[in-house]
Amino acid sequence: QVRLVESGGGLVQAGGSLRLSCAAFGRTFSSFNMGWFRQAPGKEREFVAAISGSGGRTYYAESVRGRSTITRDNAANMLYLQMNSLKPEDTAVYYCAAAPGDDTIYYKERSYDYWGQGTQVTVSA
């Protein structure tokens, strides 16, 4: 079993930055592809970004591409999402998730077996 714990959310003004963190416990971290998803009030959960087990491949939703960077530190079992130029529409609960290393459809929730409990990001206008 893998336990994922997010942190780093908070209240920021539009145009500001946040770095979200996800700590993984229990399994070999590098064997999993990792992703970030978010869910805003009244909306479905949506894909934000993903990264391969080695960190060599990254994927971004169009809504955050160019403003966000996903990274991982496998030695520390940590996943990060650096978010810049934040907009009010970025307001959501952000979740990290872990998927098996093979045949991952990076933008699909069903590819991910393990999920954190989420961290709230609120961006004021």
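Okay, so let's go over this structure.

Rules and cut-offs
Going along each chain's sequence as written, the residues are numbered from 1 onward. In view of the model being predicted, local features appear only for residues whose pLDDT reaches at least 70, and side-chain atom pairs are presented and counted only at 80 or more, with totals across whole chains, interfaces and linings using the full set of residues. To obtain the side-chain values, all non-hydrogen atoms of the structure were used and water was disregarded. Secondary structure counts use DSSP, requiring at least four H or I residues in a row for a helix and at least two E residues in a row for a strand, with both numbered from the N terminus. The quantity called the radius of gyration is restricted to C-alpha atoms. Its globule counterpart is 2.2 Å times the number of residues to the power 0.38. Throughout, exposure labels follow a simple rule: accessible area from a 1.4 Å probe, protein chains only, divided by the maximum for the residue type, with under 20% read as buried, over 50% as exposed, and the rest as partly exposed. Here the accessible surface of atoms and residues is derived via Shrake-Rupley with a 1.4 Å probe, and residues count as covered only by protein chains that are part of the display. The charged-residue count follows a simple rule in which Lys and Arg add positive charge and Asp and Glu add negative charge, with His and chain termini not counted at all. We put the charge of a Lys on NZ, of an Arg on CZ, of an Asp on CG and of a Glu on CD. Should a side-chain nitrogen of Lys or Arg be within 4 Å of a carboxyl oxygen of Asp or Glu, the pair is scored as a salt bridge. Disulfide: a pair of cysteine sulfur atoms within 2.5 Å of each other.

Comments concerning the overall build of the chain
Helices and strands together make up the secondary structure of the chain, namely zero helices and eleven strands. Going from the N terminus to the C terminus, the chain shows its helices and strands as β-β-β-β-β-β-β-β-β-β-β. The C-alpha atoms of the chain give 13 Å as radius of gyration, which agrees with the globular expectation for 125 residues (14 Å, within 12%). If you line up the chain on its principal axes, its C-alpha atoms span 40 × 25 × 25 Å. Here the chain, with 125 residues, has 44% of them falling under the buried criterion. For the chain, the computed accessible surface area is about 6400 Å², with 44% contributed by carbon and sulfur atoms. Across the chain, the centroid of the 13 positively charged side chains sits 2 Å from that of the 11 negatively charged ones.

A word on the pattern of salt bridges
A full pass over the atoms with the stated rule returns four salt bridges. Among the ionic pairs, Arg 38 bridges to Glu 46, the shortest N-O distance being 2.7 Å. On the accessibility criterion, Arg 38 (4% relative accessible area) is buried. For Glu 46, a relative accessible area of 35% corresponds to the partly exposed category. Between Asp 90 and Arg 67 there is a salt bridge, and its shortest N-O distance comes to 2.8 Å. On the criterion of sequence distance, the pair formed by Asp 90 in the loop between strand E8 (78-83) and strand E9 (92-100) and Arg 67 in the loop between strand E6 (58-60) and strand E7 (68-73) is long-range, its members being 23 residues apart. The exposure class assigned to Arg 67 is buried, which follows from its relative accessible area of 12%. What emerges from the salt-bridge pattern is a single network uniting Arg 38, Glu 46, Arg 67 and Asp 90.

Considering the state of the cysteines
A full pass over the atoms with the stated rule returns one disulfide. Between the sulfur atoms of Cys 22 and its disulfide partner Cys 96 the distance amounts to 2.0 Å. Residues Cys 22 and Cys 96 share a disulfide whose torsion about the S-S bond is about 55°; that sign makes it right-handed. Of the two residues, Cys 22 is situated in strand E3 (residues 18-25) and Cys 96 in strand E9; the sequence distance between them amounts to 74 residues.

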